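Architecture and fold: a report
For reference, the chains in residue letters:
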Amino acid sequence: MPFKLPLYLLVFIISSFSFAQDSDPNPATDVSKTKENTTLKKIDSLGLAAFMEGRYSDSFKTHAELLDKAKQADNDYFIQKANSRLGYDFLEQHDTISAEKSITKAMEYAIKIKDDRSLGECYMVLSFIYFIKGDAVKIRKAFDYMDKTVALNIKMKDTINLTNTYYNYLNNAIKVNYLDKGEAIVTKINEVLPKMAVSRDSLFYLDYIPLAATFYNLKKDYKQATKYIIPYLDDPNFKKERFTINMANLYKEYSYALEGLKDYKEALYYTRLYDSLKTFNFNKQKTREASVITAEFKVNEYKENALKSEFESQLKTEKIKNKSNMNYGLIIGTIVSLFFLTHFYLTSKRRKKLVQEVNIKNQEYLKAKEEAEQLSKSKSAFFSTVSHELRTPLYGVIGLSTILLEDESLDKHKEDLNVLKFSADYLLALINDVLEISKIDSNKIEKAKKTFNIRNYITAICASFEYMLIQNKNEIKINISDNTPILIHGDSIHLSRILMNLIGNACKFTEDGIISIDLITTPSKDGILAIKFKISDTGIGVPKNKQKTIFEEFTQANSANYNYQGTGLGLPIVSKLLKFLDSEIHLESDLGKGALF
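Residues numbered from 1 in each chain as written. Predicted model: local features only at pLDDT ≥ 70, side-chain atom pairs only at ≥ 80, totals over all residues. Heavy atoms only, no water.

1. Section: the confidence of the model for the protein
Residues with a pLDDT of 70 or more make up 75% of the protein, whose mean pLDDT is 76. Within the protein, strand S2 (residues 475-480) carries the highest mean pLDDT (90), whereas helix H1 (residues 7-17) carries the lowest (45). Contacts for the low-pLDDT stretch residues 1-23, under 50 throughout, to residues beyond four places or in other chains number 78 contacts. (pLDDT = per-residue confidence, 0-100. Helix = DSSP H or I, 4+ residues; strand = E, 2+ residues; numbered from the N terminus. Contact = heavy atoms within 4.5 Å.)

Given below as C-alpha cells:
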C-alpha cells in the first residue's frame with residue numbers, strides 16, 4: 001500500500017539525526033581549511049533552515065550549492081551531508097527515484113567516513129522510500145533498513161534516536177498493515193520510555209500518543225486506545241497552533257475508539273472537533289503545496305545543470321583516459337599477443353596428450369564392454385543350463401507327490417505330501433520365471449505370430465483359473481468390444497504369458513470380488529487394428545509408493561492385511577515381454593480399491 005511521506009515525519013527524521021552532529025568529524029588542519037569548513041557549515045545551516053520553514057525552493061538551491069562546493073573542496077563529510085539533504089528535497093517533491101540515488105550516495109560516504117549516525121539517517125530515509133514504493137518486495141527491504149537503523153542506535157547506545165526510530169517503525173508498520181511488527185515495536189517503546197527523560201511536551205510524545213491509539217484502534221482494542229488518549233485530551237501542548245495536526249489526529253482516534261465502544265454521542269462530539277481542526281490544517285497544507293510547486297521548477301533546473309556538469313566532467317575524464325590508453329594499449333597488446341602465443345602452444349601440447357589418453361580409455365572401454373557382454377552371455381547360458389537341469393528332477397518330484405496323494409493308504413502323510421508338492425510347484429514356477437527373464441535379457445525369444453480366435457482364446461485362459469476363482473469366491477467377467485474381429489493375427493504365445501500373469505495376480509489378491517477383462521479395439525495406421533487389454537479387479541490394490549517398484553525383479557507390494565508368497569517376477573516378465581512386442585503397460589490403483597492394468 002503506497003503512501004505519501006508527510007512533512008512532519010521528514011522534520012522528525014532530520015531533527016532526530018541532524019542536530020546531534022554539529023561538528024565535522026574531520027577537523028581542519030590549517031587556517032584555509034577552517035575557513036572552508038565554516039563556509040560549508042553556514043550553507044548547510046541555511047539550507048536546513050529553509051527546509052524546516054517550508055521554503056523548499058530555497059532549500060533545494062542551497063543544498064545543490066553545498067554539494068558543488070563540497071566537491072570542489074573534496075570534503076567527504078559535507079558531500080555526504082549535501083546528498084542527504086538533497087534526498088529530503090527530492091522526497092518532498094515525490095521524486096523517489098532521485099531521492100533514492102541521493103540517499104544511496106550519502107550512505108556510501110557515511111560508510112567511507114565511518115559516521116554511524118549519518119549512516120543510520122540514510123538507512124531510515126531509504127526505508128521510507130521503499131515504503132512509499134509499496135510492493136511486497138520493497139516493503140520487506142524497507143523493514144530490513146529499519147532493523148539496520150535500530151541495530152546502529154543500539155550499538156551507539158543512543159536511546160533518543162532509538163525511540164524515534166521505533167516511532168517511525170511503528171508508523172510504517174501501521175501504514176502497510178503489518179500489525180504483528182507493530183505489536184513488538186509498541187512493547188519496545190514502552191520499555192525504553194521510562195529509562196529516558198522525555199517530557200510530555202516533547203515532539204516525540206505529541207506524535208507517538210495519536211499513533212499508538214491508531215494502532216490499538218486497528219486491532220479493535222478500543223479500551224487500550226482510550227487509555228493512551230484520555231490523559232492528553234486537555235494537554236495544552238497539543239493545543240498549540242504548530243501542533244494542530246497532532247491534536248486533530250488525537251480527536252480522530254478518540255472518536256474511533258468511542259464508536260468502537262458504542263459511545264456514539266461522545267464519538268460524534270470529538271468527530272466535530274476533528275473536522276474543525278481538519279479545515280484549519282487543510283488551509284495550512286495548501287500553503288505548503290504552493291511552496292512545493294514553486295520548488296519543483298528549481299529541482300528540474302538543478303537536474304538539467306547537474307546532468308550537464310556530469311557530462312562535461314565525464315568528457316574531460318575521457319580525454320585524459322584516451323591519452324593514457326594510447327600508451328597502455330601498445331604495452332597491453334604486446335603482452336596479450338605473447339600470452340596467446342604461449343597459450344596456443346601449451347593448449348596444442350595438452351590437446352595431443354588428451355587425445356592419446358582418450359584413445360587409451362576408448363580401448364579400455366571396448367575391452368571392458370566385450371568382457372561384460374561375454375560375462376552376460378555366460379550368465380545366461382548358466383541360468384539356462386541350470387534351469388533345464390533342475391526342472392527334470394522337479395517334474396519327477398511333482399509327479400510322484402501327485403501319485404502319492406492319490407494313494408488312500410498314505411492319508412496320514414497327506415499334509416506332508418501337500419507341503420512337498422507345494423514346495424516343488426513353487427520352485428518350478430521360480431525356475432520357469434528365472435529362465436524366462438534370462439531368455440528375454442539375452443534376446444533369445446522370437447515373435448511367433450499366427451491366426452487365432454481371440455474370444456475362444458480369452459475364454460480358455462480364464463477357464464484355467466476356475467479353481468482359484470472358486471477358492472477365493474471371485475467372479476470373472478469378459479467384455480470384448482463388438483468391432484473386435486473373431487480372428488486376429490498375432491503372437492498368441494507371449495500374449496498368453498502376459499495375460500496369465502495379470503489375471504493370476506488379480507485372482508490372488510482379490511477375495512469375494514469381481515475380475516474384469518475388457519478388450520477395446522481401435523483402428524490404427526495402415527489398416528492394422530490396435531487392441532487395448534484392461535484387466536481390473538476389486539482387490540487390495542497397490543499403494544502409490546509401490547506402483548513403480550512392482551515392475552522391478554523380485555519386488556512385491558506387500559499388504560499389512562494380505563500375505564501372498566510369490567516370486568516377484570510376474571510383472572517384470574510382463575513388462576519386458578510387452579516392450580519386446582512394442583507395447584506398454586499402465587497401472588491405476590488406490591490402496592483398498594482394486595487395480596487396473
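2. Overview of the side chain of serine 98
Position of serine 98 relative to the elements: it lies in helix H5 (residues 96-112). For serine 98, the side chain forms a polar contact with the side chain of aspartate 95, separated by 2.8 Å. (Polar contact = N/O pair within 3.5 Å; in protein donor to acceptor, adjacent residues only side chain to side chain.)

3. Considerations on the sheet that holds strand S6 (residues 588-589)
What the 5 strands build is an open sheet, ordered S2-S4-S5-S7-S6; its pairing is mixed. Pairing within the sheet leaves two strands with one partner each, and these edge strands are S2 and S6. By the bridge criterion, 2 bridges tie S6 to strand S7 (residues 595-596) in an arrangement that is antiparallel. Paired with serine 589 across the bridge in S7 is alanine 595. (Pairing = 2+ DSSP bridges.)

4. Some details on the packing of helix H15 (residues 454-463) against helix H17 (residues 492-508)
Running from N to C, H15 and H17 point in directions that differ by 40°, and their axes come no closer than 10 Å. Relative to H17, H15 is oriented oblique. Considering the relative orientation of H15 and H17, their crossing is right-handed. Facing Tyr457, Ile458, Ile461 and Cys462 of H15, the residues of H17 in contact are Ser492, Leu495, Ser496, Leu499, Met500 and Ile503. Residues that form the contact of H15 with H17 fall into these classes: 8 nonpolar, 2 polar and no charged. (Axes fitted to C-alpha atoms, helices over the stretch in contact; angles between N-to-C directions. Parallel < 35°, antiparallel > 145°, perpendicular 65-115°, else oblique. Left-handed = near helix turned anticlockwise from the far one by under 90°. Nonpolar A, V, L, I, M, F, W, Y, C, P; charged D, E, K, R; others polar.)

5. Some details on the pattern of salt bridges
When charged atoms on two side chains of opposite charge get close, those side chains can pair. All chains considered together, the criterion is met by 7 salt bridges. Residue arginine 55 is joined to glutamate 53 by a salt bridge in which the shortest nitrogen-to-oxygen separation is 2.9 Å. Glutamate 53 sits in the exposed class, given a relative accessible area of 56%. What makes arginine 55 partly exposed here is its relative accessible area of 34%. Through salt bridges with shared partners, one network takes in Glu53, Arg55 and Asp58. (Salt bridge = Lys/Arg side-chain N within 4 Å of Asp/Glu carboxyl O. Buried < 20%, exposed > 50% of the residue type's maximum accessible area, 1.4 Å probe, protein only.)

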